[in-house]
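Notes for the structure review
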Amino acid sequence: MILPRHVYYLTDSRYSLDARRHFGRINVVECKKSAFDSVADLVSKRKVHSLGFDERHLVVVSFRRLKKALTRKVRLIGTQGLIENIRAVKRENEVAAIRKALCFHNECYQYLKTIIRPGQAEHQILEKLERFVLRHQQIFSFPPIIASGPNSCLPHARISDRKIKKNDLVLVDMGIEVNGYKSDLTRMFFLGKIPHLVREVCEAVAQAQRLAIAQIKPGVLAKDVDSCARNFLKEKKLGAYFSHSLGHGIGLEVHEKPGLSPRSPSVLEKGMVLTVEPGVYIPGRFGVRIEDMVLVTSQGAKVLSGLI
Ligand code: GLY
Ligand code: MN
Ligand code: MN
């Protein structure tokens, strides 16, 4: 709870000790009752008149319980994105954690190059990748997507027991987490011959990504970056196969503000960290997505992930 002069972090006994150890000037309150009763006690103690809450995170049943628990008359005000907007711009230490995640992420892709082979099933590759990550005492930021052959036409394919074939392509979308900060990249692996259409699609997706990255700088509308990639793919007659948004902010969560989408109201600011991930998915045949992470600087976008 954020008050004009004090900040309270309410948690239960499972986390209170850890929170006290790490939270510096934030007052840690260990909830002995329900979270709602503990909020109500604090509201009474600090004589709060108006209480804002994030209406995208408080489900209706919790809102009702909070209202019921309050013992004094309090105006409840629904808000959106107060914290997310602050979080969209990263501090140096946050970018440093993201860079660290990307550093090990790079090693994962180098390792994948040595194990993605015909005859291996997707879940066998996942098993090896998981062991590699654990052996290095690292963690994933989300369950990896390993989609081979026609499975790659599903943007968020589930891992299957499909065995990789001689001339397959394999899409790997994964992320690593360091101190809570996440990475999220997608790379394509090719085994053997690359069919002409696949090559053309890959070149178009890579060019769409380059053009979009070149647009990124402070003051630019996020939706204009999206339309830059989208329009290019339309020109190449591939627009109908680019079904999701171009990218998203990333930090403590894999998907955070700002969204790079046709509907995004966001304006880019220095210090934002974004993914740029155009994709073309031809139903039943194959899909290609290339996802990189960039930092918005005063000069433009600095690619953090580089070529892997
Ligand atoms: N891996 C989820 C995404 O690329 O947004
Ligand atoms: Mn991804
Ligand atoms: Mn992503």
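Let us look at the structure shown here. Predicted, not measured: the structure shown is a model, and the values here were computed from it. (Residues numbered from 1 in each chain as written. Chains lettered and ligands numbered in written order. Predicted model: local features only at pLDDT ≥ 70, side-chain atom pairs only at ≥ 80, totals over all residues. Heavy atoms only, no water.)

1. So, the coordination of the manganese ion (ligand 3)
- Of the protein atoms, only D184 (OD), H248 (NE2), E277 (OE) and E291 (OE) coordinate the manganese ion (ligand 3), at distances of 2.0 to 2.2 Å.
- Here the manganese ion (ligand 3) is ringed by six donor atoms whose angles at the metal span 52 to 160 degrees, and the overall shape comes out irregular.
- Counting residues between consecutive donors of the manganese ion (ligand 3) along the chain gives the motif D-x63-H-x28-E-x13-E.
- In this structure the manganese ion (ligand 2) is found 3.3 Å away from the manganese ion (ligand 3), and D184 serves as a bridging donor for the pair. Taken together, the residues span a long stretch of sequence, with D184 in the loop between β9 (181-182) and β10 (185-190) and H248 in strand β11 (residues 247-249) at a distance of 64 residues.
- Here H248 falls in the buried class, since its relative accessible area comes to 8%. (Donors = N, O, S within 2.8 Å, 3.2 Å for Na, K, Ca; no water. Tetrahedral: all angles 85-135°; square planar, octahedral: opposite > 155°, others 65-115°. Helix = DSSP H or I, 4+ residues; strand = E, 2+ residues; numbered from the N terminus. Buried < 20%, exposed > 50% of the residue type's maximum accessible area, 1.4 Å probe, protein only.)

2. Some words on the packing of helix α2 (residues 35-45) against helix α3 (residues 60-69)
- The interhelical angle for the contact between α2 and α3, taken along N-to-C directions, is 40 degrees, at an axis separation of 8 Å. Between α2 and α3, the crossing angle belongs to the class labelled oblique. Seen along the crossing, α2 lies across α3 with a hand that is right-handed. Listed contacts from α3 to F36, D37, V39 and A40 of α2 are S62, R65, L66 and A69.
- Residues belonging to the contact of α2 with α3 are distributed by class as follows: five nonpolar, one polar and two charged. (Axes fitted to C-alpha atoms, helices over the stretch in contact; angles between N-to-C directions. Parallel < 35°, antiparallel > 145°, perpendicular 65-115°, else oblique. Left-handed = near helix turned anticlockwise from the far one by under 90°. Contact = heavy atoms within 4.5 Å. Nonpolar A, V, L, I, M, F, W, Y, C, P; charged D, E, K, R; others polar.)

3. Some remarks on helix α8 (residues 222-235)
- Here α8 spans 20 Å end to end across 14 residues, near enough to the 20 Å set by a 1.5 Å rise per residue.
- Residues of α8 that are buried: A222, V225, D226, C228, A229, R230, F232 and L233.
- Trailing α8 by a residue or two, K237 shows a phi angle of about 65 degrees, which is positive. (Expected span 1.5 Å × (residues − 1).)

4. Points about the coordination of the manganese ion (ligand 2)
- Every protein donor of the manganese ion (ligand 2) is listed here as D173 (OD), D173 (OD), D184 (OD) and E291 (OE), and their distances to the metal cover 2.0 to 2.4 Å.
- Around the manganese ion (ligand 2), the six donor atoms sit at angles spanning 57 to 168 degrees, and that spread fits a shape best called irregular.
- In primary-sequence terms, the residues that donate to the manganese ion (ligand 2) follow D-x10-D-x106-E.

5. So, the environment of V170
- Its location among the elements puts V170 in strand β7 (residues 169-174).
- The class for V170 is buried, based on a relative accessible area of 0%.
- Distance in space between the C-alpha atoms of V170 and L191 is 8.2 Å, their sequence separation being 21 residues.

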